[in-house]
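Structural overview
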Amino acid sequence: MNEAKPFCISKWEVWEAYKRVKANKGAAGVDEQSIEDFEKRLKKNLYKIWNRMSSGSYLPPPVRTVKIPKANGGERKLGIPTVSDRIAQQVVKSRLEPEVDRLFHADSYGYRPGKSALDAVGKARERCWRYDWVVDLDIKGFFDNLDQTLLMRAVKKHAKDQWLVLYIERWLKAPVQEEDGKLIPREKGTPQGGVISPLLANLFLHYAFDRWITGKYPHVPFERYADDVIAHCKTETEAQEVRAAIAARLVECGLELHPEKTKIVYCKDDDRRRRYPNENFDFLGYTFQARRSKNRKGKYFINFSPAVSNKAATAIRAEVRSWKLPKRSDKAIEDLSRMFNPIVRGWIRYYGRYYPSALYPTMRQLDRDLALWAKRKYKKLRGHLRRATHWIARISRRAPALFASWQMGVRRGSMTGAV
């Protein structure tokens, strides 16, 4: 059989894309096919993707919409492509990313190889010590409102292969299937949840924001994680000017700043003593504000630093409660460790990087639930919460590796807040 195709896409690329998609897991799309279902006819399904993509006949199916509740009471719409479509998107992403990523700004951190959210938080922390003011930007509905015409202009500039342009345009135009089954055509935006979407978002904002602000305000450093952006200024006057200029620039690109959520923040500390309405901001799960710290000589001072945000801490406590540990008296503590410690370790690694002591009260939720578990499991502890609490404290000292929170240098001997 002649397998000569107009577009040069190798079967190996499709196989590598499948492995990436499988590792990232994810829900089923409009066809309700899970990764496990896809793998039942793996060879045939991968061949179909390769055959259609390399012949130019691949047409993406609609994107399933899932509504995720926001902390502020609103909803965020996520677009879930099918497993096959995620693999096809990964093929395109793997080709396009090396071409454009090397052009991106050093302070663009989101969804990029070798960069992380913690890198952005650390750089923001360092700059908040040097700059008195921050412009905390919130782009209104970025993924839903992104201008497809401007985006495709950037794609065509950098995509070396015609098929990259062809399929990206098809993905942008693919309809959205609402939860009631209704199909909605899409003329703007890119689905938040698609494999290719973060790369397209970075490419768009590279031109809409990064290159523009670097040229117009080269002395104003910034950190950007996808559409989450903060910029640093020396004075309040400069911050107001920069905010107004950014707002005007985004309007030129079909976007707008959220008028209430975008704010100018004063980075208050021991040397910055004036009063200002906004003296904190949230960035990537951390709240930046004045905090009491101790220097190497043991002397306390106030500096402007990040620590786990109240929103993130509340989400962690809710997650711990959802485990219903007190009702798992059929499990040994080693079983609970195997089930939940990987999650706790992830929290500690991320939110414990800066100002880890802010995590201690949140982690006490885990110890409280473990004490309730022990009180229910062991006869000698029934009806004695205080005794169960001390028992958990002894276990934490004897086997600190069971839970990552026990290795933070914290000894929670009682529910009264002993640390």
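Right above here is the structure, for reference.
Predicted model, so just to flag it, every value in this text is computed and none were measured.

1. Some words on the sheet that holds strand 4 (residues 176–177)
Across the sheet, which stays open at both edges, the 4 strands sit in the order 2-1-4-5 with mixed pairing between neighbours. Edge positions in the open sheet fall to strand 2 (75–80) and strand 5 (183–184), since each of these has one partner strand only. In the sheet, strand 4 pairs with strand 5 via 2 bridges, with the strands oriented antiparallel. Across the sheet, residue Q177 finds its bridge partner in strand 5, namely L183.

2. Side note on the packing of aromatic side chains
Following the criterion strictly, the structure yields 25 aromatic pairs and no others. On the basis of an interplanar angle of 40 degrees and a centroid distance of 6.1 Å, the ring pair of Y286 and Y351 is categorised as tilted. Placement of Y286 in strand 10 (residues 286–294) and of Y351 in helix 12 (residues 333–351) is noted, with a sequence separation of 65 residues between them. For the pair formed by Y286 and Y351, the shared burial category is buried. Site record: aromatic cluster; members linked through ring pairs are Y286, Y350, Y351 and Y354. Of note, K234 hangs over the ring of Y131, and the distance from its end group to the ring centre comes to 4.4 Å.

3. Section: the nonpolar core
If you look at soluble globular proteins, the nonpolar side chains tend to sit buried side by side. Of all hydrophobic cores here, the largest spans 70 residues; its most connected members are M53 and I87. For this core, the element with the highest residue contribution is helix 9 (residues 197–216), accounting for 11 residues. Leave out the neighbours within four places in its chain, and I87 touches V14, A17, Y18, V21, F38, L46 and I49. With 52 residues, the next largest nonpolar core counts V134, Y225, C267 and L359 among its residues.

4. Section: the pattern of salt bridges
One pass over the full model with this rule turns up 20 salt bridges. Across the pair R102 and E99 runs a salt bridge whose closest N-O atoms are separated by 3.7 Å. A salt bridge links E126 to K123, with the shortest nitrogen-to-oxygen separation between them at 3.7 Å. With E126 and K123 both in helix 5 (residues 117–130) and 3 residues apart, this pair spans about one turn of that helix. A residue is classified by how much of its surface remains accessible, and K123, at 25% relative accessible area, is partly exposed. Look at the salt bridges and you will find they share partners, linking E13, R95 and D161 into a network.

5. Regarding the sheet that holds strand 10
Read from one edge of the open sheet, 3 strands run 9-10-11, paired in antiparallel fashion. Because the sheet does not close on itself, it has two edges, and the strands there are strand 9 (281–283) and strand 11 (300–308). The average undirected angle you get between the axes of adjacent strands in this sheet is 50 degrees. The pairing of strand 10 with strand 11 spans 9 bridges and is antiparallel. Directly across from F288, in strand 11, lies its bridge partner P306.

6. Looking at helix 7 (residues 148–158)
Along helix 7, the residues classified as buried are Q148, L151, M152, A154, V155 and H158. Buried residues along helix 7 cover an arc of 160 degrees about the axis, so they all sit on one side. Along helix 7, exposed side chains directed more than 90 degrees from the buried face belong to T149, R153, K156 and K157. On its buried side, helix 7 packs onto helix 4 (83–101), helix 8 (162–173) and helix 9. Between the side-chain oxygen of the N-cap and the backbone nitrogen of T149 there are 2.9 Å, and the N-cap of helix 7 in question is D147.

7. A look at helix 1 (residues 11–24)
The end-to-end C-alpha separation of helix 1 is 20 Å, in line with the 20 Å expected for 14 residues at 1.5 Å each. Considered for burial, the residues of helix 1 that qualify are E13, V14, A17, Y18 and V21. Relative to the axis of helix 1, the buried residues are bounded by an arc of 140 degrees and lie together on one face. Across from the buried face of helix 1, at angles greater than 90 degrees, the exposed residues are W12 and A23. In this fold, the buried residues of helix 1 make contact with helix 2 (35–39), helix 3 (42–55) and helix 4.

What counts and what doesn't
- Residues numbered from 1 in each chain as written.
- Predicted model: local features only at pLDDT ≥ 70, side-chain atom pairs only at ≥ 80, totals over all residues.
- Heavy atoms only, no water.
- Pairing = 2+ DSSP bridges.
- Helix = DSSP H or I, 4+ residues; strand = E, 2+ residues; numbered from the N terminus.
- Phe/Tyr/Trp six-rings, centres within 6.5 Å; stacked < 30°, edge-to-face > 60°.
- Buried < 20%, exposed > 50% of the residue type's maximum accessible area, 1.4 Å probe, protein only.
- Lys NZ or Arg CZ within 6 Å of the ring centre and 35° of its normal.
- Core = buried A, V, L, I, M, F, W, Y, C linked by side-chain atoms within 4.5 Å.
- Contact = heavy atoms within 4.5 Å.
- Salt bridge = Lys/Arg side-chain N within 4 Å of Asp/Glu carboxyl O.
- Axes fitted to C-alpha atoms, helices over the stretch in contact; angles between N-to-C directions.
- Arc of directions from axis to C-beta.
- Polar contact = N/O pair within 3.5 Å; in protein donor to acceptor, adjacent residues only side chain to side chain.
- Expected span 1.5 Å × (residues − 1).

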